[in-house]
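Structural features, examined
Below are the chains, spelled out letter by letter.
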Amino acid sequence: MELSKGRVIPTKTKKKVKKVAKKVSKKQSDVEYFEYKGIKVKRRPLEESTQYLIPKKRFFILENDYVEEIMWAIQQQQEEGDPWNILLVGEPGTGKSELINYLCAELNIPLMCIQGDGEQSIADLVGCIAFNEEKGGTVWQDGKIPFALRNHCSLLLDEMNGILPDVLMKTHSMLDDRRQLDLKEHILEIEVEGRVVEVPEVVSVPNETLVFGTMNPHDTGRHVGTKPLSPALESRFHMKIQVNYLSAPNEEKMIVTETGVTKDIAQKIVTVANESRNAFRNQEMSTPIDHRMTKAWAKLSLKFGLERSIQSTILSRLDEADFDALRGVLLSYGISKPV
Ligand SMILES: Nc1ncnc2c1ncn2[C@@H]1O[C@H](COP(=O)(O)OP(=O)(O)OP(=O)(O)O)[C@@H](O)[C@H]1O
Ligand SMILES: [Mg+2]
C-alpha cells in the first residue's frame, strides 16, 4: 500500500493505472512511418474494405537512384494533395513493377494494377453498360479505373505502352490538372430546379490516388507490341525514371536470399549476367540476362549444378552471336555451348 494525495491506493491498482496511461499515449502517437534516407512517409491506416488491394510484402532491395524522389513525391501527394504521376522505364526484369509493389506494401497503399496488353479495351478500363438479368435491363458497370478511384486506391498502369493509344487517351483528363475521369458513357439523371436532367458522370481523382506507369523502352525495337507513348501522355507523368539492373553486390544478395545458393555461386551467376548486359549495351548481344533469369539459374543450380542448369534457363534463349559474346566468361566456368 502507498499513500497518494491523502488517499490509499493498493499497489496493484496503481500498476493498472500506469498500464492504461501507457496504452493511451501509444495510441496518440500511433502514426507509423516508412523512412528511406531521411524521407519519412506516413503509412496509411488500414481500411477493411480495401485492405485486400494492398500488395503483399515481398523481399526487395531499394537501390534505384531516384527512390528518394519517389518517396518525396508520395509524401507531397499524401500530405499536401499535390499530385505526382510517375513513369518507370527500363528493360524487362529490372524491377519496375516490384518497386511499386514494394513501396505500396510498405505504405499500406491499396493498388489497382492494370496489365498493359493490347486486349485492354475502353470497357475494361472505364466501364460499360451491361445487361443485368435480375433487374431485367441494362446497368452501368464500372471498369478498373473508376472502381479504383471510388475506393481511393492508387493505379499501376503496368507495361502501359502495350495498351492501344486510343484507350490510353481516356486517362488524359485524370492525369492532368483536371484530375477527373470522364465517364461520358454513364448517363446520370439529376434534378435541376425541379426538372430531371441527364448528364454524363465525371469521377474525381481523390487526393491520395497516385498513378504509376511502367514500360519497356520502345526504341530498341525488341519489345513486340509496345509503342511509344504519345508526347501528350508522357508529359502528364511528372517524373520519368530510368530503372537499371541491380549493382553486382545487391544482385548477389538478392540471389543468395531468394534462392539459398552460396555467395560464390551467386557471384559467378552475376558475373555472367553483367557480361551479357555490357554486351547488350555494346550491341553485341540481343538478349541481356535479367534478374528473373539469374534467379531461375540459381534455383535450378541447387538441384542440377551451375553448368547443367544454365542450359535451360539461359542458353536456350541465345543465338550463336549471343553465345559468342559470352564464350570467354562461360568457358572460364567450364560451361560450353549447348548441343
Ligand atoms: N531491387 C530488387 N530487389 C529484389 N528483387 C528484385 C529487385 N529488382 C528486381 N528483382 C526481381 O527481379 C524480378 C523481375 O522484377 P519485375 O517483375 O519487377 O521486373 P520488371 O522491370 O517489371 O519487368 P517487365 O518489364 O518484364 O515487367 C522479380 O522476381 C523481382 O523480385
Ligand atoms: Mg513489370
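Residues numbered from 1 in each chain as written. Chains lettered and ligands numbered in written order. Predicted model: local features only at pLDDT ≥ 70, side-chain atom pairs only at ≥ 80, totals over all residues.

1. Thoughts on the overall build of the chain
Summing up its helical and strand segments, the chain has 12 helices and 13 strands in all. Relative to its 339 residues, the chain shows a buried fraction of 31%. Counting contacts in the chain only where the partners sit at least 6 residues apart, residues at least 24 apart contribute 69% of the total. (Helix = DSSP H or I, 4+ residues; strand = E, 2+ residues; numbered from the N terminus. Buried ≥ 20, exposed ≤ 12 C-beta atoms within 10 Å, placed from the backbone. Contact = placed C-beta atoms within 7 Å.)

2. Focus: the packing of helix H9 (residues 248–259) against helix H11 (residues 291–313)
When two helices pack together, their arrangement is given by the angle between the helix axes and by the axis-to-axis distance. At their nearest, the axes of H9 and H11 sit 10 Å apart, and the two run at 45° to each other. It follows from the interaxial angle that H9 and H11 lie oblique. Here the hand of the crossing between H9 and H11 comes out right-handed. Contacts between H9 and H11 involve Glu251, Ile255, Glu258 and Thr259 on the former and, on the latter, His291, Thr294, Lys295, Ala298, Lys299 and Leu302. Tallied by class, residues from the contact of H9 with H11 come to three nonpolar, three polar and four charged. (Axes fitted to C-alpha atoms, helices over the stretch in contact; angles between N-to-C directions. Parallel < 35°, antiparallel > 145°, perpendicular 65-115°, else oblique. Left-handed = near helix turned anticlockwise from the far one by under 90°. Nonpolar A, V, L, I, M, F, W, Y, C, P; charged D, E, K, R; others polar.)

3. Describing the site of ligand 1
The full set close to ligand 1 counts 20 residues, and Pro92, Gly95, Ser97, Glu98 and His291 are the nearest of them. Going through the elements one at a time, helix H3 (96–107) and H11 are the ones with two or more residues in the shell around ligand 1. Tallied by class, the residues present in the shell around ligand 1 amount to six nonpolar, eight polar and six charged. Counting only domains with at least three residues in the shell around ligand 1, you end up with domain 1 (2–242) and domain 2 (248–332). (Near = placed C-beta within 6 Å. Domains from an automatic or database assignment.)

4. Section: H3
In a regular helix each residue adds 1.5 Å, so 12 residues correspond to 16 Å; H3 covers 17 Å between its end C-alpha atoms and thus fits that length. Burial in H3 covers these residues: Lys96, Leu99, Ile100, Asn101, Leu103, Cys104 and Leu107. Asn108 occupies a position one or two residues after H3 and carries a positive phi of about 60°. (Expected span 1.5 Å × (residues − 1).)

5. Quick word on the pairing of strand E9 (residues 154–158)
In terms of residue burial, E9 counts as a mostly covered element, since five of its five residues are buried. Residues Ser154, Leu156 and Asp158 of E9 are buried on one face, and the alternating residues Leu155 and Leu157, pointing to the opposite face, are buried as well. Note: strand E6 (residues 111–115) against E9, five bridges, orientation parallel. From the neighbouring strand, Cys113 faces E9, where its bridge partner is Leu156. (Pairing = 2+ DSSP bridges.)

6. Points about the nonpolar core
Ile74, Ile86, Cys104, Leu155, Leu156, Leu181 and Phe212 are the most contacted members of the largest nonpolar core, which totals 43 residues. Element by element, the count of residues in this core is highest for H3, at five residues. Every residue in contact with Ile86, bar those within four places of it in the chain, is listed here: Ile70, Ala73, Phe212, Phe237, Met239 and Ile241. Among the nonpolar cores identified, the runner-up in size contains 23 residues, and Met254, Ala273, Ile289 and Ala298 belong to it. (Core = buried A, V, L, I, M, F, W, Y, C linked by C-beta atoms within 7 Å.)

7. Brief notes about the confidence of the model for the chain
Close reading of the predicted structure is inappropriate where its pLDDT is low. Of all residues in the chain, 88% have pLDDT values of 70 or greater, and the mean over the chain is 88. Every residue in residues 1–28 scores below 50 in pLDDT, and together they form nine contacts with partners more than four places removed in sequence or on other chains. (pLDDT = per-residue confidence, 0-100.)

8. Structural notes on the environment of Phe59
One can find Phe59 in the loop between strand E4 (39–42) and helix H2 (67–80). Exposure remark for Phe59: the 10 C-beta atoms within 10 Å place this residue in the exposed category. The sequence separation of Phe59 and Tyr102 amounts to 43 residues, and the corresponding C-alpha distance is 8.1 Å.

9. Some remarks on the environment of Asp264
Its location among the elements puts Asp264 in helix H10 (residues 263–281). A sequence separation of 12 residues divides Asp264 from Glu252, and the C-alpha atoms of the two residues are 9.0 Å apart.

10. With respect to the sheet that holds strand E13 (residues 239–242)
Strands pair in a sheet through their backbones, by hydrogen bonds, and they do so in one of two ways: parallel or antiparallel. One open sheet holds the five strands; their spatial order is E6-E9-E12-E5-E13, and the pairing between them is parallel. Unpaired on one side and paired on the other, E6 and E13 mark the two borders of the sheet. Taken pair by pair, the neighbouring strands of this sheet meet at an average axis angle of 20°, ignoring direction. The sheet contact formed by strand E5 (residues 85–89) and strand E12 (residues 211–215) spans five bridges and is parallel. Along E12, the bridge assignment pairs Leu88 with Thr214.

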